[in-house]
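Spelled out, the chains give:
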Amino acid sequence: MPPHPETWLRVTPAGLFCEPGGFFVDPTRPVDRAVITHGHSDHARPGHERVLATSETLAVMRERMGTDRAGVSQQPLAYGEVLHVNGLKLWLRPAGHVLGSAQVCLEWQGSRAVVSGDYKRRPDPTCAPFEPERCDVFVTEATFGLPVFHHPPAEQEIGKLLKSLRLFPERTHVVGCYSLGKAQRLIALLRQAGWDSPIPLHGALMRMCQLYQELGVDLGELIPATVQGKDKLAGTIVLAPPSEIQERWARRLSDPLPCLASGWMRVRQRARQGGVELPLVISDHADWTELLDTCAEVEAPEVWVTHGSEDALIHALGLRGVRGRALHLIGLGEDEE
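A. Focus on the side chain of His 173. As for its position among the elements, His 173 is in strand β12 (residues 172-176). Classification of His 173 by relative accessible area gives buried; the value is 0%. Excluding residues that lie within four positions of it along the chain, His 173 makes contacts with Leu 161, Ser 164, Leu 165, Phe 168, Thr 236, Ile 237, Val 238, Leu 257 and Cys 259.

B. Highlighting the packing of aromatic side chains. This model, assessed by the stated rule, comprises six aromatic pairs. Taking 4.7 Å as the distance between ring centres and 45° as the angle between the ring planes, the aromatic pair formed by Phe 17 and Phe 24 counts as tilted. Judged by its relative accessible area of 15%, Phe 17 is buried. The class of Phe 24 is buried, set by a relative accessible area of 15%. Centroid distance Phe 149 to Trp 264: 5.4 Å. Interplanar angle 90°. Geometry classified as edge-to-face. Highlighted residues: Phe 149 in the loop between β11 (137-142) and α2 (154-167) and Trp 264 in the loop between β16 (256-261) and α6 (268-273), separated in sequence by 115 residues. The buried category is assigned to Trp 264, whose relative accessible area is 18%. Of the aromatic side chains, those joined through ring pairs into one cluster are Tyr 119, Phe 130 and Phe 138. Here the guanidinium or amino end of Lys 89 rests over the ring plane of Trp 91, the centre of that ring lying 4.9 Å away. Here the basic side chain of Arg 325 rests over the ring of Trp 304, its NZ or CZ set 4.7 Å away from the ring centre.

C. Summary view of the environment of Gln 192. For Gln 192, the location among the structural elements is in helix α3 (residues 182-192). Gln 192 gets classed as exposed once you look at its relative accessible area, which sits at 53%. Along the chain, Gln 192 and Leu 167 lie 25 residues apart, while their C-alpha atoms are 21 Å from each other.

D. Here's a closer look at the pattern of salt bridges. This structure, assessed with the given rule, holds 18 salt bridges. Between Glu 63 and Arg 207 there is a salt bridge, with the nearest N and O atoms lying 3.1 Å from each other. Taken together, the residues span a long stretch of sequence, with Glu 63 in helix α1 (residues 55-65) and Arg 207 in helix α4 (residues 203-214) at a distance of 144 residues. By relative accessible area, which is 30% here, Arg 207 ends up partly exposed.

E. Region of interest: the sheet that holds strand β3 (residues 23-25). With mixed pairing, six strands are arranged side by side in an open sheet as β1-β2-β3-β4-β5-β6. Each end of this open sheet is capped by a strand with a single partner; those strands are β1 (9-12) and β6 (73-76). The sheet shows a mean angle of 30° between the axes of neighbouring strands, direction not considered. As paired strands, β3 and strand β4 (residues 33-35) are joined by two bridges and run parallel to one another. Bridged to Val 25 within β4 is Val 35.

F. Examining helix α7 (residues 288-297) more closely. Of all the residues in α7, the buried ones are Trp 288, Glu 290, Leu 291, Leu 292, Thr 294 and Cys 295. Looking at the buried positions of α7, the neighbouring elements they touch are β11, β18 (302-308) and α8 (310-319). Measuring from the backbone nitrogen of Thr 289 back to the side-chain oxygen at the start of α7 gives 3.3 Å, which picks out Asp 287 as the cap. Glu 299 occupies a position one or two residues after α7 and carries a positive phi of about 60°.

Cut-offs applied
Residues numbered from 1 in each chain as written. Predicted model: local features only at pLDDT ≥ 70, side-chain atom pairs only at ≥ 80, totals over all residues. Heavy atoms only, no water. Helix = DSSP H or I, 4+ residues; strand = E, 2+ residues; numbered from the N terminus. Buried < 20%, exposed > 50% of the residue type's maximum accessible area, 1.4 Å probe, protein only. Contact = heavy atoms within 4.5 Å. Phe/Tyr/Trp six-rings, centres within 6.5 Å; stacked < 30°, edge-to-face > 60°. Lys NZ or Arg CZ within 6 Å of the ring centre and 35° of its normal. Salt bridge = Lys/Arg side-chain N within 4 Å of Asp/Glu carboxyl O. Pairing = 2+ DSSP bridges. Axes fitted to C-alpha atoms, helices over the stretch in contact; angles between N-to-C directions. Polar contact = N/O pair within 3.5 Å; in protein donor to acceptor, adjacent residues only side chain to side chain.

Given below as structure tokens:
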């Protein structure tokens, strides 16, 4: 009988450790060997000796941390490429979260576990779509693991933004979005909706968008958003970090209308507290239904939950005959949404 994954995949203070492979998945402190699912800072941290990830994730890590801190040794692994380590089989599948994001698939003596990292199930032209992999244990996130979270179509939310722009053509619509993944997805969604004008960006978003373009993702013309040219920004859509949409920088623009793109905008209280006039429910994570559907699709009899609303998801899975376990991994989810 194949060994249960809990005998060779365990939680440590540094994160999830694969004993036969001798590496950690998304460790929260510097380690000798790390496999990284994607480039967000709660999953990709500096100071590891040897790092394995997709080539895109490695590029993101070098851009965010500097080459010298993104791993002394960096090994790219393409989706579907199989690596054998001490009898362990390792390969990566797309997670659909951001460019380069991957699920870590592990097989040891006939026992298979898949560590999802963060993932979404909606179409996104800026990254490869999620690919389900059958397994004995599925290690999933649960950022939006409550029944209240049902994300509307992203195209519908972009329609709300464009409608507001038509209603208030004199105002600068400032959309808060994270620099890695969300900003590029919003740009691509706007392009798909026919918005072909140059898109002004806060300086904190520009370099990551340029990296996406260098890696083959077409985002169209992007320009710096500067308060010196604020009159020219009236009637445009400006993208900025979420922390800036209510700060001095945004207030110096032409009659700014603060917007925020996040799955948390489903919670009206969050929008009101943040002074958001136009909440856009656009998430790079699976919603409640998608979490349950994904767990069913991979056919795992057991699901481990890394972070988020663990209890609700584990209870719902139990009603379906699936055993659940909360890993309580500290430090995950801090850079998301």
